[in-house]
Amino acid sequence: MPTKDANAEPSFRTMIQVDMEIASFLSNWAHCDYISSYLARTISHNRPDSVLFSNLFSSALNELLEVTFRTRHSGGALECRLSRHGETDRIELTFACGQEERTFLEDAVARVQGVDRQARYLSSLSGDVAPSRDMMLLELTVNYNATLRLEEVDADTVTIVVDLGGLAN
Amino acid sequence: MTAHLSPTGTVGRFKAHFDLNNQEFSIAGSVRPQTIDELAPSLALLKESIDNVRGVLYINVRRLAQMNNTAFHAFSRVIIDACRVRPELRFVVITSSVVGWTTRKFGRLSKIEPSISVEEYDSEFYPGQSFLEEGGFIPILRTQTKMTWRHERSILPRHGMRPGIVMADICCGIGDFAVLAQKEFEPARIVALDHSKSSLAYARKVASEFDITGIEYTYGDASEMLLDDDQFDLVTCRHSLQIFNRPAQILKELYRICKPGGRVYITNEKNSHCLGEPRAESIRWTYNEVAKLFEHFDMDVELGPKSRRYLADAGFDDIRVESFMVTNLDGDPKDFADMISAWEDVYAGDMAVKRGDSEEFIKQFRQGFKDHISAALHPKGYAGWPIWAASGQKPL
């Protein structure tokens, strides 16, 4: 797993960051909706089609927050940072989790890179009763052309990095 | 039959409904439940809808702004399972291009079950607009805005325009009014929305070339906007209610997005009152026919003086109505003449032909425009185009 290097991509400009205690975040499912709607609206004003962009960005961010909500955490804080470089908007979700969850996330992120992702997405839609967290990440790549990776911040903390390019084009 | 979800949390922000007459299940709003249990009433309604229809079930998601994967999965499963149990039944999902994700995401279902298809609804909504929004009409729209702006810049402050407000220009067309409003009045933010991608592309190009920032040109359907409730101090909608076949529905949306205490400002024409001297009779006849021609295509270009009634029926208070006349004496008479010439091309060249009018009628129809142009350019002539500006306040 790559380690986080703040200097690796200096061209991404941070637009906004929300930090919350994990316990507070987990206290209400609606936080996923509130945070995604608020942040999407906030960063959309200077995109060519701001309302459409906001709606799509909110959808993608909400799924990531829902995946995070369903992750077993080991306390600490949730950081949600949004940054931008040209047409690409980056979401970084940083939180603490145990080794088991980390392994799960590593595997899930690796799986969404697969060439068969479209077929796996359709198979999940027609077969599973409810979407797994794998599927929710997979859907971001299938429907939003997102690219995902996982970064290790320290021994207990990871960052899910998701790049969304040309969302409203 | 309608299902409203729990009022707590976020799942209460959507509504599901089944209309047996139209065999249509619709779901609108934002659907982001934590578990599928929260969707039980709506899923039951969908199953019940399926049981009650024959041949086809329309699934209307035009106003479905958000749906998380938990919900999408649950609704998809019900539809996919029904396809397997009832292979004779077709499912047609009606989406909107405005929402951005529904066409693509629901479109995936047709790869699983061919009896599920997706249709985008927007393109058929505005029956007459295509005459007016595409291609060569852009220069004339700019000229029209230039001529009306001379009047509106002094009218607008009486209808709620002032520096620092948050405003929306709905049906912004090529966006030139928004630019003029921004330069003159310096609102804090302008959202300019239109349904014509070509007009918006033009607006964005102009904004980019002229280094104009602060105007958000947005693609959207004025009758069902994604914009939130109670957002704007001033909502403008110029020359547009008159070319929609359902003006009251648009006005309802303008009301919705306006802040309580804010104002909605509309301008409309009464085409039969266009006038000119000399050759007043010929001009009058032609513009009376213009009104009938638009009526044929479900558009009411006589709407101007009806603004007061429309605003009152939509629930507005403190309604203000005034009218002004754009004339050949406003600036260069050639501008006025160019505008009439463009009207002649579209009304007599395209619309009358499409209606199936005779050559004889079209010849006489064109003559009135030519006489209006002559009146505009005549050294002693006078040519006018009357417009009604009206606004109402959304109650606090």
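Residues numbered from 1 in each chain as written. Chains lettered and ligands numbered in written order. Predicted model: local features only at pLDDT ≥ 70, side-chain atom pairs only at ≥ 80, totals over all residues. Heavy atoms only, no water.

- For chain B, the name recorded in an unreviewed UniProt entry is Methyltransferase domain-containing protein, with Aminobacter anthyllidis as its organism.

1. Description of the packing of aromatic side chains
- For the structure shown, the criterion picks out 18 aromatic pairs over all chains.
- Measuring from centroid to centroid gives 5.8 Å for phenylalanine 53 of chain A and phenylalanine 57 of chain A, while their planes differ by 15°, and the two rings are stacked. Of this pair, phenylalanine 53 of chain A and phenylalanine 57 of chain A both sit in helix α3 (residues 50–69), separated by four residues, roughly a single helical turn.
- On the basis of relative accessible area, phenylalanine 57 of chain A is assigned to the buried category, the value being 0%.
- An aromatic cluster is built from Trp285, Tyr287, Phe294, Trp343, Tyr347, Phe361, Phe365, Phe369 and Trp385 of chain B, whose rings are joined through pairwise contacts.
- Cation over ring: lysine 197 of chain B sits above tyrosine 219 of chain B, and NZ or CZ is 4.6 Å from the ring centre. (Phe/Tyr/Trp six-rings, centres within 6.5 Å; stacked < 30°, edge-to-face > 60°. Helix = DSSP H or I, 4+ residues; strand = E, 2+ residues; numbered from the N terminus. Buried < 20%, exposed > 50% of the residue type's maximum accessible area, 1.4 Å probe, protein only. Lys NZ or Arg CZ within 6 Å of the ring centre and 35° of its normal.)

2. Here we look at the pairing of strand β8 (residues 166–170) of chain B
Residue and element names in this part refer to chain B.
- Among the five residues of β8, five are classified as buried, and the element is accordingly described as predominantly covered.
- Burial along β8 is two-sided: Val166, Ala168 and Ile170 facing one way and Met167 and Asp169 facing the other are all buried.
- The sheet contact formed by β8 and strand β9 (residues 189–194) spans five bridges and is parallel. Residue methionine 167 lies in a different strand from β9, and its bridge partner there is isoleucine 190.
- Of the crossover connections in this fold, the one passing from β8 over helix α7 (residues 176–185) to the parallel β9 is right-handed.
- Direction of pairing for β8 relative to strand β11 (residues 232–238): parallel, over a ladder of three bridges. Across the sheet, alanine 168 pairs through a bridge with valine 235, a residue of β11. (Pairing = 2+ DSSP bridges. Right-handed = clockwise from strand over helix to strand, strands pointing away.)

3. Side note on a nonpolar patch on the surface
- Judged by side-chain polarity, Leu275, Leu329 and Tyr382 of chain B come together as a nonpolar surface patch covering roughly 280 Å² of accessible area.
- Along the chain, leucine 329 of chain B falls in the loop between β14 (317–327) and α12 (333–355). (Patch = residues over 30% accessible without salt bridge, like charges linked within 9 Å, V, L, I, M, F, W, Y side chains within 5 Å. Areas by Shrake-Rupley, 256 points an atom, 1.4 Å probe, with all protein chains shown as cover. Salt bridge = Lys/Arg side-chain N within 4 Å of Asp/Glu carboxyl O.)

4. Comments concerning the interface of chain B and chain A
- Taken together, the contacts link 39 residues of chain B with 39 residues of chain A.
- Buried area between chain B and chain A, both sides added, is near 3300 Å², and the carbon and sulfur share of it is 48%.
- Of all residues in chain B, Arg32, His73 and Arg108 of chain B bury the most surface against chain A, accounting for 21% of the area lost on that side.
- Linking chain B with chain A are five salt bridges.
- For glutamate 139 of chain A, the salt bridge goes to lysine 105 of chain B, with nearest N and O atoms at 2.9 Å.
- At the boundary of chain B with chain A, the tally comes to 29 residue pairs in polar contact (both at pLDDT 80 or more).
- Elements with a contribution of two residues or more to the side of chain B that touches chain A: β5 (64–67), α2 (69–85), α3 (102–107), α4 (109–112) and β10 (215–219) of chain B.
- Top contributing element to the side of chain B that touches chain A by residue count: α2 of chain B, with eight residues. (Contact = heavy atoms within 4.5 Å. Buried area = accessible area lost by both parts, 1.4 Å probe. Polar contact = N/O pair within 3.5 Å; in protein donor to acceptor, adjacent residues only side chain to side chain.)

5. A few points about the sheet that holds strand β5 (residues 157–165) of chain A
Residues and elements named next belong to chain A.
- Overall, antiparallel pairing links the five strands, which are arranged β1-β2-β3-β5-β4 in an open sheet. The sheet is open, and its two borders are formed by β1 (13–21) and β4 (147–154), each paired with just one other strand. In this sheet, neighbouring strand axes are inclined to one another by 15° on average, regardless of whether the strands run parallel or antiparallel.
- Sheet topology places strand β3 (residues 88–96) next to β5; nine bridges connect them, and they run antiparallel. Pairing of threonine 94 across the sheet is with threonine 159, part of β5. (Axes fitted to C-alpha atoms, helices over the stretch in contact; angles between N-to-C directions.)

6. Description of the domain arrangement of chain B
Residue and element names in this part refer to chain B.
- Taken domain by domain, chain B consists of domain 1 (2–124) and domain 2 (129–393).
- Taking only C-alpha atoms, the centre of domain 1 and the centre of domain 2 are 37 Å apart.
- Taken together, the contact pairs eight residues of domain 1 with 10 residues of domain 2.
- Our count for the contact surface shared by domain 1 and domain 2 stands at two salt bridges.
- Between arginine 62 and glutamate 224 there is a salt bridge, and its shortest N-O distance comes to 2.7 Å.
- At the boundary of domain 1 with domain 2, the tally comes to two residue pairs in polar contact (both at pLDDT 80 or more).
- Looking at the side of domain 1 that touches domain 2, its residues break down into four nonpolar, one polar and three charged. (Domains from an automatic or database assignment. Nonpolar A, V, L, I, M, F, W, Y, C, P; charged D, E, K, R; others polar.)

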